[in-house]
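A structural walkthrough
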Amino acid sequence: SMQDTRTYVFVRGTDNLIHWTRETDVGSGQWEAWRNDNSLVSATDPTVVEFDAGAGRTFGYLFKTADDQPYLFVLNNPAGLASAFTAKRLPAPPR
């Protein structure tokens, strides 16, 4: 099962950083303040992915930087106030 079943929203802000928010509780319609987990400047809008992480289903978001470097941020600490996501630098795509 998913680690966290609240609704999450991801956007690329005018600062080109990826920002996210989530419901305070499932179906509450109340949202936490926007935040971001890193200072990587994104060249693309975020893409949300769900996948099997070995210990169950989880999700994360992907984006690429201006130098075409993809990053995956995986939900690892849904209760975390500082950083709910862990960054994984992916291999560069083929040219």
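The shown structure was predicted, so the numbers you read here are calculated from the model rather than taken from an experiment. (Residues numbered from 1 in each chain as written. Predicted model: local features only at pLDDT ≥ 70, side-chain atom pairs only at ≥ 80, totals over all residues. Heavy atoms only, no water.)

Topic: the pairing of strand β1 (residues 8–12)
The condition is simple: A pair of strands counts as paired when DSSP detects no fewer than two bridges linking them. Only DSSP runs of H or I covering at least 4 residues are called helices, and only runs of E covering at least 2 are called strands; the numbering of each starts at the N terminus.
As paired elements, β1 and strand β2 (residues 18–22) share five bridges and run antiparallel to each other. Across the sheet, the residue bridging to F10 is W20, located in β2. The turn linking β1 back onto β2 is made up of five residues, and N16 within it adopts a positive phi angle of 65 degrees.

Some thoughts on the pairing of strand β3 (residues 47–52)
Both β3 and strand β4 (residues 57–64) contribute to a ladder of six bridges, which runs antiparallel. Bridging from a neighbouring strand, V49 pairs with G60 of β4. Taking the residues that link successive antiparallel strands as the turn, the β3-β4 hairpin has four residues, and the phi of G54 there is positive, at about 95 degrees.

Focus on the confidence of the model for the protein chain
To keep it simple, the criterion reads: Values of pLDDT, which run from 0 to 100, indicate the predictor's confidence residue by residue.
Averaged over every residue, the pLDDT of the protein chain is 87; the share at 70 or more is 89%. Within the protein chain, no element has a lower average pLDDT than strand β6 (residues 85–89), which sits at 89, and none a higher one than β1, at 95.

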